[in-house]
Amino acid sequence: MEKNRLSEFLIEKGLFITAIFSIVIILLIVSFILVEGIPAFENYGFFHFLFGMEWGPSRGQFGVLAMIIGSIYVTLLSLLMAVPLSLLCAIFMAEVAPNNIRKILKPVIETLSGIPSVVYGFFGLIVLVPLVRTYFGGTGFSLFTASLILTVMVLPTIITISQDSLRAVPQEYREASFGLGATNWQTIRHVIFPAALPGIITAIILGMGRAVGETLAVIMVAGNVVQIPGSIFDPIRPLTANIALEMGYATGLHYNALFGTAIVLFLIIGLLLLVANYIQYKYKVDIGGGYL
Amino acid sequence: MNRIEVNNLNVYFGDSQVLKDININIPKNTVTALIGPSGCGKSTFIRTVNRMNDLIPTFSHDGNVYLDGVDIYNPKMDVVDLRKKIGMVFQKPNPFPKSIFENVAYGLKVHGLNDDDAIAARVEESLKSAALWEEVEDKLEDSAMGLSGGQQQRLCIARTIANNPEVILMDEPCSALDPISTTKIEDLIHKLKNDYTIIIVTHNMQQATRVSKYTSFFLLGELIESDLTDKLFIDPKDKRTEDYITGRFG
Ligand SMILES: Nc1ncnc2c1ncn2[C@@H]1O[C@H](COP(=O)(O)OP(=O)(O)OP(=O)(O)O)[C@@H](O)[C@H]1O
Ligand SMILES: [Mg+2]
């Protein structure tokens, strides 16, 4: 009895300490980034930094607007392609495909998410860049090429998680719907999909997070020119690429400005999460509180 | 006149046989009760009648089930249409996580009714038939998940009768309900029996005597005895039926 209590106590404290430890590490990293990044805002002006059009470290210009826009465009464009594709795929796998096909497809798609991004980037560089150059003109290094790569990279995330949430919809809802004489497609569309929607939104948020944060594969195909793209076939430089490309040689205010870029990236991701969570919350309420 | 005829029906899940050589006739516009101990195949039987078992990959059967003389397992059968004609109320209330209104309107909408006034009228009429209207008329837009178990079950009944089926299958519709809700549902069955053919599974023998005209006793996948309810409970022909209804096993 006494012994049980003691081990219970130790396990509880052990878990507590581990949790505190990971939180402390995260806080340390965040505060380090803040400490290194804020001087850039102080010296250059926060809004000047945020909305400045010019990025020229050698000339002391640190405006990141073009990169913010680059990040947003590349994320949105890739989601625009990835979301419909992956939802159709998830619905097919969860509701339509016979068991044996599902058993093959699922591990294949899960493996896709384990491929390192440099491999995707390399594929983009060797295959997609020339294709885009041939068919759409320009150098081939572009917003569009980067979005294509990101689309492929976020597909597995969105498919896997949406599929799981579709499969988690209770069988009773299916039976109720079929019992009323609904067809397979009506059941999917009006019952299963809405019931799985909170999970599907989570899937899209995670996919979005991956797209905003992806660096290496994007650097390899995006062209990295600091500009607001006039068309989707123009090169862009997202925030992540900016940090990775210049980190190696940056000193002084330039060094601080790269940390400032990281803070902006933080803020954008935070904002996206906030919006997504709000939508998710609203949907949960809308479909009737059954999932709250 | 028989609405449903079942001839030599055997049902299997994988290798195990769950129903053995079932023969039964269900007359039109009457209530037939199915009784029997847990696991004897009552749910499986009624789920065979609206082809709900088709959803279970291991299901297979032989023998015939006829609805108005048509073999419902014939390859040309339109299963969607069949399930519209044969409504089902499940053992556990299973409203959709949608509003009360949407739950009842669902069947109407999937069958192509899109006149809002007509839908609203049918929803009201069905909720009234299911003795739920007065409790929910002010909160039709609220989630059905917020209703009590008994209200949810009556909602499921309303949803079923909104489709205007010819046959209603009820799988222990009162098993999770308090006596008041149970009485309401039994009253409802009395009201419905003139227009609908009803098959009700129940563990409650008083309930069988209260609501049904015919009763069938299942045991271990076999149909032991079918008769007029009054007769079966007072003077069963089979020893096993007698043992069951007098509470000696099951
Ligand atoms: N999906 C299934 N797969 C395999 N076996 C099943 C399946 N569904 C039911 N069975 C088996 O079929 C038999 C009959 O089950 P059924 O649910 O029809 O019984 P029941 O008479 O409705 O019981 P209860 O009164 O407890 O609801 C049981 O032995 C059960 O284990
Ligand atoms: Mg049952």
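Residues numbered from 1 in each chain as written. Chains lettered and ligands numbered in written order. Predicted model: local features only at pLDDT ≥ 70, side-chain atom pairs only at ≥ 80, totals over all residues. Heavy atoms only, no water.

Quick word on the site of ligand 1
Residue and element names in this part refer to chain B.
- If you check the shell around ligand 1, you find 13 residues, and the closest are S38, K42, S43, T44 and H203.
- A distance of 3.0 Å is found between an oxygen atom of ligand 1 and a backbone nitrogen or oxygen belonging to G41.
- Within the side chain of H203, a nitrogen or oxygen atom sits 2.7 Å from an oxygen atom of ligand 1.
- Notes on ligand 1: free accessible area 630 Å², of which the protein chains cover 62%.
- Here the shell around ligand 1 gets three residues from one element, more than from any other, and that element is helix α1 (residues 42-49). (Near = heavy atom within 4 Å. Polar contact = N/O pair within 3.5 Å; in protein donor to acceptor, adjacent residues only side chain to side chain. Areas by Shrake-Rupley, 256 points an atom, 1.4 Å probe, with all protein chains shown as cover. Helix = DSSP H or I, 4+ residues; strand = E, 2+ residues; numbered from the N terminus.)

Re the pattern of salt bridges
- Within the structure shown, the criterion is met by 19 salt bridges over all chains.
- Between A:D164 and A:K106 there is a salt bridge, and its shortest N-O distance comes to 3.1 Å. Pair noted here: A:D164 is in helix α6 (residues 143-167) and A:K106 is in helix α4 (residues 99-112), with a separation of 58 residues, a long-range link.
- When the shortest N-O distance is used, the salt bridge between B:R51 and B:D54 registers 2.8 Å.
- On the basis of relative accessibility, which here comes to 13%, the residue B:R51 falls in the buried class.
- What makes B:D54 partly exposed here is its relative accessible area of 30%. (Salt bridge = Lys/Arg side-chain N within 4 Å of Asp/Glu carboxyl O. Buried < 20%, exposed > 50% of the residue type's maximum accessible area, 1.4 Å probe, protein only.)

Section: unusual backbone geometry
- A positive phi angle, near 60 degrees, is found at B:R51, a position not held by glycine.
- Along the polypeptide, B:R51 turns up in the loop between α1 and β4 (59-67).

Let's talk about the interface of chain B and chain A
- Taken together, the contact between chain B and chain A spans 23 residues of the former and 22 residues of the latter.
- Across the chain B to chain A interface the summed buried area is about 1900 Å²; carbon plus sulfur atoms make up 61%.
- Inspection of the region where chain B meets chain A yields two salt bridges.
- For A:E172, the salt bridge goes to B:K92, with nearest N and O atoms at 3.0 Å.
- At the junction of chain B and chain A, the tally comes to eight residue pairs in polar contact (both at pLDDT 80 or more).
- Among the secondary structure elements, those contributing two or more residues to the side of chain B that touches chain A are α2 (79-85), β6 (86-89), α3 (100-110) and α6 (149-162) of chain B.
- When residues of the side of chain B that touches chain A are assigned to their parent elements, the largest contribution, three residues, is made by α2(B).
- Tallied by class, the residues present in the side of chain B that touches chain A amount to eleven nonpolar, six polar and six charged. (Contact = heavy atoms within 4.5 Å. Buried area = accessible area lost by both parts, 1.4 Å probe. Nonpolar A, V, L, I, M, F, W, Y, C, P; charged D, E, K, R; others polar.)

Let's talk about the nonpolar core
- Core analysis: the largest hydrophobic core is formed by 76 residues, its most contacted members being A:F49, A:V64, A:L166, A:L239 and A:V264.
- With sequence-adjacent residues up to four places away left out, A:V64 is seen in contact with A:F49, A:L50, A:G52, A:W55, A:L239, A:T261 and A:V264.
- Counting 45 residues, the second-largest nonpolar core is a separate cluster that includes B:L132, B:I161, B:C174 and B:I200. (Core = buried A, V, L, I, M, F, W, Y, C linked by side-chain atoms within 4.5 Å.)

Concerning the packing of helix α4 (residues 116-129) of chain B against α6(B)
Residue and element names in this part refer to chain B.
- Relative to each other, α4 and α6 sit at 130 degrees, their axes nearing to 8 Å. In this view, α4 runs oblique relative to α6, as classed from their interaxial angle. Crossing of α4 over α6 shows right-handed handedness. Of the residues in α6, those touching α4 at R122, S126, L127 and S129 are L155, A158, I161 and A162. (Axes fitted to C-alpha atoms, helices over the stretch in contact; angles between N-to-C directions. Parallel < 35°, antiparallel > 145°, perpendicular 65-115°, else oblique. Left-handed = near helix turned anticlockwise from the far one by under 90°.)

Details of the confidence of the model for chain A
- With 97% of its residues at a pLDDT of 70 or more, chain A shows a mean pLDDT of 90.
- Within the model, pLDDT remains below 50 along residues 288-292 of chain A, and this stretch shows eleven contacts once partners closer than five positions in the same chain are excluded. (pLDDT = per-residue confidence, 0-100.)

A few points about the side chain of B:Q207
- Tracing the backbone through its elements, the reader meets B:Q207 in helix α8 (residues 205-211).
- A polar side-chain atom of B:Q207 sits 2.8 Å from a polar atom in the side chain of B:T202.

Side note on helix α7 (residues 171-179) of chain A
- Across the nine residues of α7(A), seven count as buried, placing the element largely inside the fold.
- Among the residues of α7(A), those classed as buried are A:Y173, A:R174, A:E175, A:A176, A:S177, A:F178 and A:G179.

What about the pairing of strand β3 (residues 31-35) of chain B?
All names here are of chain B.
- Taking burial as the measure, the five residues of β3 include five buried ones, the bulk of the element.
- Side chains V31, A33 and I35 of β3 all project onto a buried face; the interleaved residues T32 and L34 project onto the opposite face, where all are buried too.
- Bridge count between β3 and strand β9 (residues 214-219): four bridges; the pairing is parallel. The residue of β9 that forms the bridge with A33 is T215. (Pairing = 2+ DSSP bridges.)

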